[in-house]
Amino acid sequence: SSSIISISSSSPTVLPPCPADPPGLVGPMRVEFDWRRTMEDVRRGSSAGLRDGGRYSPPDCVSRHKVAIIIPFRNRHEHLKHWLYYLHPILKRQQLDYGVYVIHQHGTTTFNRAKLLNVGFVESLKEYAYDCFVFSDVDLVPMDDRNVYRCHSEPRHMAAAMDKFGFRLPYKTYFGGVVALTRAQYMLINGFSNTYWGWGAEDDDMYKRIVRRKMTVSRPDSKVGMYKMVRHTRDAHNEENPRASSQLSLTAVTMDNDGINTLKYTVKRIDKDQLHTMILVDIHAQL
Ligand code: UD2
Ligand code: MN
């Protein structure tokens, strides 16, 4: 009857779905890592519309993508500043329902990027029903906002053309830098390995898991997939993993018993900044 129709059509809380193609994208962008940039600059340029913990959803439509962005972190505040400065405006233009989770490894034991990413998956899901997870290095900023931070029908390698590799892939099966997996894709591969301590090969292990589960990797083209990395030297306590190649040769055998189903850690503290949620975690290094 007519009364039912008027109730639903006048309801102020019903938003339309966001369009499939975000209308506000600008395409290629200039990215510069200016050391004079301050956190005040970042807050001025980025905080509009954000809720506590670096959460956002479009004000005028319902996003198609609930995305947790997971950043492995220790002692890279300078890089995080640039990341937040550039990414928040981009992610808003991409009309995502998103949250930014910085997973901060406690202590000075050897760094473990992939295990931190597993922690981010579990912890972000405690807060919200995310359906897509973008795992990103803290030092990588996209140079084109058409590279949308969302998931696809196959696992996505987003950092397809980095400046440090001459804007092409270093090798065909490369899966480093920035990747996006749905919750289901991630669960199918048992998440990432927890056992790659130090620099290298954890990204190749991810790739092997994906292939092993008969999925393929999709990528943006080499224009849309352009990235700039903040120049840096190798961090202390992230030496090249001496076990990398022997571990990699066993991925197919070990992956079912090394991943999200064996993840153990202790959260020491959770801090909600307006620009991000920082989770300090003890990842139980045996050292
Ligand atoms: C490459 C890959 C990266 C990963 C790594 C091997 C690129 C752009 N990225 O990065 O995805 O596979 O090789 O492990 O090629 N981090 C800290 N503090 C530390 C150490 C690392 O925050 O002390 C985090 C941070 O987010 C950093 C990431 O780990 O961006 C990767 O470490 P990296 O930047 O030192 O290694 P890189 O550039 O060779
Ligand atoms: Mn780097």
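The name given to the chain in an unreviewed UniProt entry is Beta-1,4-galactosyltransferase, with the source organism recorded as Merluccius polli. Per UniProt, the chain has the following entry under Pathway (unreviewed entry): "Protein modification; protein glycosylation."

Student: Explain the overall build of the chain residue by residue, including any values.
Tutor: The helix and strand inventory of the chain stands at 8 helices and 11 strands. For 287 residues, the compact-globule estimate of 2.2 N^0.38 gives 19 Å, and the C-alpha radius of gyration of the chain, at 19 Å, lies within 12% of that figure. Based on the C-alpha atoms only, the size of the chain along its principal axes is roughly 70 × 45 × 40 Å. For the chain, the proportion of its 287 residues judged to be buried stands at 45%. Put simply, 85% of the contacts in the chain that link residues at least 6 apart link residues at least 24 apart.

Student: Please provide a residue-by-residue account of the pairing of strand β8 (residues 178-182), values included.
Tutor: Most of β8 is tucked away, with 5 of its 5 residues classed as buried. Bridge count for strand β4 (residues 132-136) against β8 is 5 bridges, and the pairing is antiparallel. If you follow phenylalanine 135 over to β8, its bridge partner there is valine 179. Bridge analysis of strand β6 (residues 156-157) against β8 gives 2 bridges, and the strand direction is antiparallel. Note that in β8 the partner of arginine 156 across the bridge is alanine 180.

Student: Can you lay out the nonpolar core for me, pointing to particular residues and giving the numbers?
Tutor: One finds Ile69, Ile70, Ile103, Phe133 and Val134 to be the most contacted residues of the largest nonpolar core, which totals 67 residues. Filtering out sequence-adjacent residues up to four positions away, isoleucine 103 remains in contact with Ile70, Ile71, Pro72, Phe73, Leu116, Val119, Gly120, Ile279 and Val281.

Student: Describe the packing of helix α2 (residues 39-46) against helix α3 (residues 77-93), with residues and values.
Tutor: Remark: α2 packs on α3, axes separated minimally by 9 Å, with the N-to-C direction vectors making an angle of 10°. The angle between α2 and α3 places the two elements in the roughly parallel class. Touching Met39, Asp41, Val42, Gly45 and Ser46 of α2 are Lys81, Leu84, Tyr85, His88 and Pro89, all from α3. A class-by-class count of the residues in the contact of α2 with α3 yields 5 nonpolar, 3 polar and 2 charged.

Student: Describe the environment of phenylalanine 175, and please don't skip the residues or the numbers.
Tutor: Inspection of the secondary structure assignment puts phenylalanine 175 in the loop between β7 (161-162) and β8. Overall, phenylalanine 175 belongs to the buried group, with 22 C-beta atoms counted inside 10 Å. Along the chain, phenylalanine 175 and aspartate 145 lie 30 residues apart, while their C-alpha atoms are 20 Å from each other. The contact partners of phenylalanine 175, leaving out residues within four places of it in the chain, are His157, Asp203, Asp204, Met206, Tyr207 and Val217.

Student: Let's hear about the pairing of strand β9 (residues 226-229): which residues, and what values?
Tutor: One ladder, built from 3 bridges, connects strand β5 (residues 140-142) with β9; its direction is antiparallel. Its bridge partner lying in β9, valine 141 is registered against lysine 228. Both β7 and β9 contribute to a ladder of 2 bridges, which runs parallel. Looking across to β9, one finds that alanine 161 is bridged to methionine 226.

Student: I'd love a proper account of unusual backbone geometry, names of residues and values included.
Tutor: Non-glycine residue glutamine 95 carries a positive phi angle of around 55°. By the element assignment, glutamine 95 lies in the loop between α3 and β3 (97-105). Here the phi dihedral of histidine 237 falls at roughly 65°; this positive angle occurs in a residue that is not glycine. Mapped onto the elements, histidine 237 comes out in the loop between β9 and α7 (244-248).

Student: So what's going on with the site of ligand 1? Residues and values would help.
Tutor: Residues in contact with ligand 1 amount to 23 residues; listed here are only the nearest, Asp137, Val138, Gly176, Asp203 and Asp235. Among the elements of the structure, β2 (66-73) and α6 (202-212) are those that each provide at least two residues to the shell around ligand 1. Among the elements that take part in the shell around ligand 1, β2 stands out by supplying 3 residues, more than any other. A breakdown of the residues in the shell around ligand 1 according to their chemical character gives 9 nonpolar, 5 polar and 9 charged.

Student: I'd like to hear about the sheet that holds β7, residue by residue, with values.
Tutor: Hydrogen bonding along the main chain pairs the strands of a sheet, whether they run parallel or antiparallel. Here we have 3 strands laid out as an open sheet, ordered β5-β9-β7, and mixed in their pairing. Edge strands, defined here as strands with exactly one partner in the open sheet, are β5 and β7.

Student: How would you summarise the UniProt feature "domain: Galactosyltransferase N-terminal" (unreviewed entry) in the chain if you had to cite specific residues and measurements?
Tutor: With numbering matched to this structure, UniProt assigns "domain: Galactosyltransferase N-terminal" (unreviewed entry) to residues 18-152. Between the end C-alpha atoms of residues 18-152 there is a gap of 17 Å, over a span that is 30% helix and 20% strand.

Student: An account of helix α4 (residues 113-127) is needed here, citing residue identities and associated values.
Tutor: Between the first and last C-alpha of α4 there are 22 Å, a value that for 15 residues agrees with the 21 Å anticipated at 1.5 Å per step. When we look at burial in α4, the residues that qualify are Arg113, Ala114, Lys115, Leu116, Leu117, Asn118, Val119, Gly120, Phe121 and Ser124. On the buried face of α4, the contacting elements are β2, β3, β4, α5 (183-188), α6 and β11 (277-282).

About the cut-offs
Residues numbered from 1 in each chain as written. Chains lettered and ligands numbered in written order. Predicted model: local features only at pLDDT ≥ 70, side-chain atom pairs only at ≥ 80, totals over all residues. UniProt positions renumbered as here; feature names shortened; annotations may be inferred. Helix = DSSP H or I, 4+ residues; strand = E, 2+ residues; numbered from the N terminus. Rg over C-alpha atoms; globule rule 2.2 N^0.38 Å. Buried ≥ 20, exposed ≤ 12 C-beta atoms within 10 Å, placed from the backbone. Contact = placed C-beta atoms within 7 Å. Pairing = 2+ DSSP bridges. Core = buried A, V, L, I, M, F, W, Y, C linked by C-beta atoms within 7 Å. Axes fitted to C-alpha atoms, helices over the stretch in contact; angles between N-to-C directions. Parallel < 35°, antiparallel > 145°, perpendicular 65-115°, else oblique. Nonpolar A, V, L, I, M, F, W, Y, C, P; charged D, E, K, R; others polar. Near = placed C-beta within 6 Å. Expected span 1.5 Å × (residues − 1).

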